[in-house]
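Observations on the three-dimensional arrangement
Okay, here's what each chain looks like letter by letter:
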Amino acid sequence: MRRINGIALLVRTTAGIGGATRVGGATQQRLVQAAMKSTCSNSNPLWFSQSSGDHFGLSKPSVAAGGGMCFSSLAQEEVHSHVSADKFAPNDVVLYQYEACPFCNKVRAFLDYYNIPYKVMEVNPMSKKEIKWSDYKKVPILKVDDEQMVDSSDIIDKLFKRINPENTVVGSEEEKKWREWVDNHLVHVLSPNIYRTPSEALESFDYITSHGNFSLSERLVAKYGGAAAMYFVSKKLKKRHNITDARAALYGAAETWVDALKGRQFLGGSNPNLADLAVFGVLRPIRHLKSGKEMVENTRIGEWYSRMESAVGESARINA
């Protein structure tokens, strides 16, 4: 059984992620990398920038509502709970995912909102044995009956067209603009915030490893090694994306989104559209974390988020 030396990892692992220290040599390096990959694999993942995602083989650009940070303490308005996808009723929908991945959460928010029952297959980031059957080795992968769909935005576009076959165009220009904003701006602001301090980095990886498909030994190594590595990487991400104050950038993004609503309940008006679901999806994982709590306390986004929780409603996930 491998010995776990989390303290050594925490001290010695630096911004050079590829050079992680040795606990069983290459095995430990793979564990640390797997922990960081496990947070998402969809182009600009919550925990990574584009470049760091590319370094670890992540693909291009989503946990159930409730629990964790209490957004529901904010005033909530009564909105509809589930929208039924009457025109789309597949027999079997399986989401291959990492629980903490924001882009997997984005897909889940769509499935929950449209009340499309789905099963979840949590992928082990080390072996990826759950997706051995696929030539595509990243998540999210959505299997609809016998059809494979990949890339969160493409998955959502395809599902939307099946639910709304009369619509030849997916969304308005405004909707498209803000969906792109999520992938190209919002996610870049999140990594420097969740890894802003050593304690926040450790908090983030505690959440990541406790919700992921890790063995006990993998979890320990990944938690401490991944937290240490990403704390240092986050400093580089700030420079790369011209962020001087991580919290100010996060608060600014939240306020920018609220301004985009222009007094509407949702960007989609009285009901959420795909941009609302995208923002909600990628923010879902940080609701448990210090950064998410402070975002709500210091910006106007909390009321919109509470409306989204009510609109998305209970998860459509089928417990196997």
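Residues numbered from 1 in each chain as written. Predicted model: local features only at pLDDT ≥ 70, side-chain atom pairs only at ≥ 80, totals over all residues. Heavy atoms only, no water.

Another point: the overall build of the protein. Of regular secondary structure, the protein possesses twelve helices and four strands. Across the 320 residues in the protein, those meeting the buried criterion constitute 57%. (Helix = DSSP H or I, 4+ residues; strand = E, 2+ residues; numbered from the N terminus. Buried < 20%, exposed > 50% of the residue type's maximum accessible area, 1.4 Å probe, protein only.)

Turning our eyes to something else, we now look at the packing of helix H9 (residues 246-261) against helix H11 (residues 290-298). Look at H9 against H11: their axes get within 10 Å of each other, and the N-to-C directions meet at 55 degrees. Considering their axes alone, H9 and H11 lie oblique with respect to each other. In this structure, H9 crosses over H11, and the sense of that crossing is right-handed. For the pair H9 and H11, contact is made by Arg247, Leu250, Tyr251, Ala254 and Glu255 and by Lys290, Ser291, Glu294, Met295 and Asn298, respectively. In terms of residue class, the contact of H9 with H11 is built from four nonpolar, two polar and four charged. (Axes fitted to C-alpha atoms, helices over the stretch in contact; angles between N-to-C directions. Parallel < 35°, antiparallel > 145°, perpendicular 65-115°, else oblique. Left-handed = near helix turned anticlockwise from the far one by under 90°. Contact = heavy atoms within 4.5 Å. Nonpolar A, V, L, I, M, F, W, Y, C, P; charged D, E, K, R; others polar.)

Before going further, it helps to examine the sheet that holds strand E4 (residues 147-150). Taken in spatial order, the four strands line up as E2-E1-E3-E4 in an open sheet, and their pairing is mixed. Unpaired on one side and paired on the other, strand E2 (119-122) and E4 mark the two borders of the sheet. Going across the sheet, the axis of each strand differs from the next one's by a mean of 20 degrees, ignoring polarity. Both strand E3 (residues 141-144) and E4 contribute to a ladder of four bridges, which runs antiparallel. By the bridge assignment, lysine 143 is partnered in E4 with glutamine 148. Packed on one face of the sheet, helix H4 (residues 102-113) meets strand E1 (93-97) and E3 and runs near 160 degrees to E1. Sheet strands in contact with helix H5 (residues 152-163) are E3 and E4, and its direction is about 130 degrees off that of E4. (Pairing = 2+ DSSP bridges.)

Moving on, we get to unusual backbone geometry. Each neighbour pair has its own omega, and for valine 139 with proline 140 the value is 5 degrees, a cis peptide bond. Along the chain, the position of proline 140 falls in the loop between E2 and E3. A positive phi angle, close to 55 degrees, is found at asparagine 115, a residue other than glycine. Inspection of the secondary structure puts asparagine 115 in the loop between H4 and E2. The phi torsion at lysine 262 lies on the positive side, around 50 degrees, for a residue other than glycine. Within the secondary structure, lysine 262 sits in the loop between H9 and helix H10 (274-283).

For the rest of this paragraph, the subject is the environment of glutamate 130. Among the structural elements, glutamate 130 can be located in the loop between E2 and E3. Accessibility expressed as a relative area gives 12% for glutamate 130, which makes it buried. When the C-alpha atoms of glutamate 130 and glutamine 97 are compared, they prove to be 9.7 Å apart, with 33 residues separating the residues in sequence. Residue contacts for glutamate 130: discarding those within four places in its chain leaves Tyr96, Met121, Glu122, Val123, Asn124 and Asn213. At 3.2 Å, the side chain of glutamate 130 forms a polar contact with the side chain of asparagine 213. (Polar contact = N/O pair within 3.5 Å; in protein donor to acceptor, adjacent residues only side chain to side chain.)

Turning our eyes to something else, we now look at the pattern of salt bridges. All chains considered together, the criterion is met by 17 salt bridges. Taking the shortest distance from any N to any O, the salt bridge between glutamate 99 and arginine 317 comes out at 3.7 Å. Of the two residues, glutamate 99 sits in the loop between E1 and H4 while arginine 317 sits in the segment after helix H12 (301-312), which places them 218 residues apart along the sequence. Of the residues examined, glutamate 99 reaches a relative accessible area of 9% and is grouped as buried. For glutamate 200, the salt bridge identified is with arginine 247, shortest N-O distance 2.5 Å. A residue pair is termed long-range when its members are at least 10 positions apart, and glutamate 200 in helix H7 (residues 198-211) and arginine 247 in helix H9 qualify at 47 residues. For the pair shown, glutamate 200 and arginine 247 are each scored as buried. Taken together, the salt bridges that share partners define one network made up of Arg196, Glu200, Arg247, Lys290 and Glu294. (Salt bridge = Lys/Arg side-chain N within 4 Å of Asp/Glu carboxyl O.)

Residue position: arginine 264 is located in the loop between H9 and H10. Taking the C-alpha atoms as reference points, arginine 264 and tryptophan 304, separated by 40 residues in sequence, lie 9.5 Å from one another. In contact with arginine 264, not counting residues within four places along its chain, are Glu174, Gly269 and Arg307. Polar side-chain contacts of arginine 264 include one of 2.9 Å to the backbone oxygen of alanine 260.

Two cysteines whose sulfur atoms are joined by a covalent bond form what is called a disulfide. Using the criterion set out here, one finds zero disulfides in the structure. Free of any disulfide, cysteine 104 has its nearest neighbouring cysteine sulfur in cysteine 101, separated by 3.2 Å. For cysteine 104, a relative accessible area of 0% corresponds to the buried category. (Disulfide = S-S within 2.5 Å.)

Our next topic: the nonpolar core. With 79 residues, the main nonpolar core has Phe110, Leu142, Leu159, Trp257, Leu283, Ile301 and Trp304 as its most contacted residues. In this structure, tryptophan 257 is in contact with Trp178, Trp181, Leu267, Ala275, Asp276, Val279, Ile301 and Trp304, ignoring residues within four places of it in sequence. (Core = buried A, V, L, I, M, F, W, Y, C linked by side-chain atoms within 4.5 Å.)

Right, let's talk about the confidence of the model for the protein for a bit. Across the protein, pLDDT averages 80, with 73% of residues at or above 70. Predicted confidence is poor over residues 1-25, with pLDDT under 50, and the contacts of this stretch with residues over four places away or in other chains come to 44 contacts. Of the regions scoring below 50 in pLDDT, residues 42-80 engages in 148 contacts with residues more than four places distant in sequence or in other chains. (pLDDT = per-residue confidence, 0-100.)

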